[in-house]
Structure formats: C-alpha cells, structure tokens
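A look at the structure
Each chain is listed here by its residues.
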Amino acid sequence: KIMVLGLTKLLCDIPALVSNADGQQIWGRLLSSTLRILASQNAQQTTINEDEYEVEITYDAAYSRLQFAARATHDPFPEVTDPSVVFVQQLYNVCTSQPGKISSIIRTSLQSDPKLMAGLEVMFQNAGLQLV
C-alpha cells in the first residue's frame, strides 16, 4: 500500500518527468512497476475477522513466544482502503490535465507487456473512468 501510494505520488505530482524523452522512459518504468505491484498476489489485502481468529495458548518449556507482546501494525494511510483506486484516480487526473500526451506515454511504455495494459484498462473500468 505504501509503495503504491509513493509511486503514485511520483508519477502524478512531478510533471518534469514527462518533459523530455529520458524522463518519459523513467515515468514509463515507474508506471509498469506500479502496475506489477498492484497485479501481484501480495497486493491483495486479506482481513481476518476477529471472531474467526482463535488464539491457542500453550506452554512449551523449550521456547515460548510472547503471543500478545507483538507490536501493532501502524497504517500511515488509514483513509486509503484500496490503493489501486487512488492510483487510477490520480492517473486519470494527470491524463486529463495533459490530454493525449500522458496516454501516448502509457501506451508506449506498456506496449511490450499487453497484460499490464489490459490490467490498467480493467482498473479504469472498475473505477468508472476512461483512459484519456
């Protein structure tokens, strides 16, 4: 989640990246990396219902792990439930601010991997947006 939001910020908040050919290559690589992260199995969020999670408290003389002494995980972006939606919305905003330019960079960057392009189109459809 943190990686996707950070890469989204780099892609969408730094217009200097798309100003020259070298920057456009970097932008394209950032885009494909972000899409790979979103497409990976690790990006799928799983939640455990507290009622279904059962803690078995036992004692082993050889090694006892402190079950309840673990640190609680800190979510720096609690307001973001689905990072792919934020990614698509921000990318849409950038595409509409520079019509034709960003979408051509996207197509050029993803032409070598049609699965990533198809995945991006599906994300746009799920968000109810269209790649401009």
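Look up: the structure comes first, before these words.
These lines cover the structure that appears in this document, whether it is placed above or below.

Reading guide: rules and limits
Residues numbered from 1 in each chain as written. Predicted model: local features only at pLDDT ≥ 70, side-chain atom pairs only at ≥ 80, totals over all residues. Heavy atoms only, no water. Axes fitted to C-alpha atoms, helices over the stretch in contact; angles between N-to-C directions. Helix = DSSP H or I, 4+ residues; strand = E, 2+ residues; numbered from the N terminus. Parallel < 35°, antiparallel > 145°, perpendicular 65-115°, else oblique. Left-handed = near helix turned anticlockwise from the far one by under 90°. Contact = heavy atoms within 4.5 Å. Nonpolar A, V, L, I, M, F, W, Y, C, P; charged D, E, K, R; others polar. Expected span 1.5 Å × (residues − 1). Buried < 20%, exposed > 50% of the residue type's maximum accessible area, 1.4 Å probe, protein only. Arc of directions from axis to C-beta.

Some thoughts on the packing of helix α2 (residues 21-39) against helix α4 (residues 101-110)
One way to put it is that α2 packs onto α4 with a least axis distance of 9 Å and a crossing angle of 70 degrees. Classed by the angle they form, the pair α2 and α4 counts as roughly perpendicular. For the crossing formed where α2 meets α4, the hand is right-handed. On α4, the residues that touch Gln-24, Trp-27, Gly-28, Leu-31, Ser-32 and Leu-35 of α2 are Lys-101, Ile-102, Ile-105, Ile-106, Ser-109 and Leu-110. Residues belonging to the contact of α2 with α4 are distributed by class as follows: seven nonpolar, four polar and one charged.

What to know about helix α5 (residues 114-127)
Helix length check: α5 (14 residues) gives 20 Å between terminal C-alpha atoms against 20 Å at 1.5 Å per residue, within 8%. Taken together, the buried positions of α5 are Leu-116, Met-117, Leu-120, Met-123 and Phe-124. Projection of α5 onto a plane perpendicular to its axis shows the buried side chains occupying an angular sector of 120 degrees, all on one side. In α5, those exposed residues whose orientation departs by more than 90 degrees from the buried face are Pro-114, Lys-115, Gln-125 and Asn-126. Where α5 is buried, its residues meet α2, α3 (83-97) and α4. A positive phi of about 75 degrees marks Gly-128, the residue just after α5.

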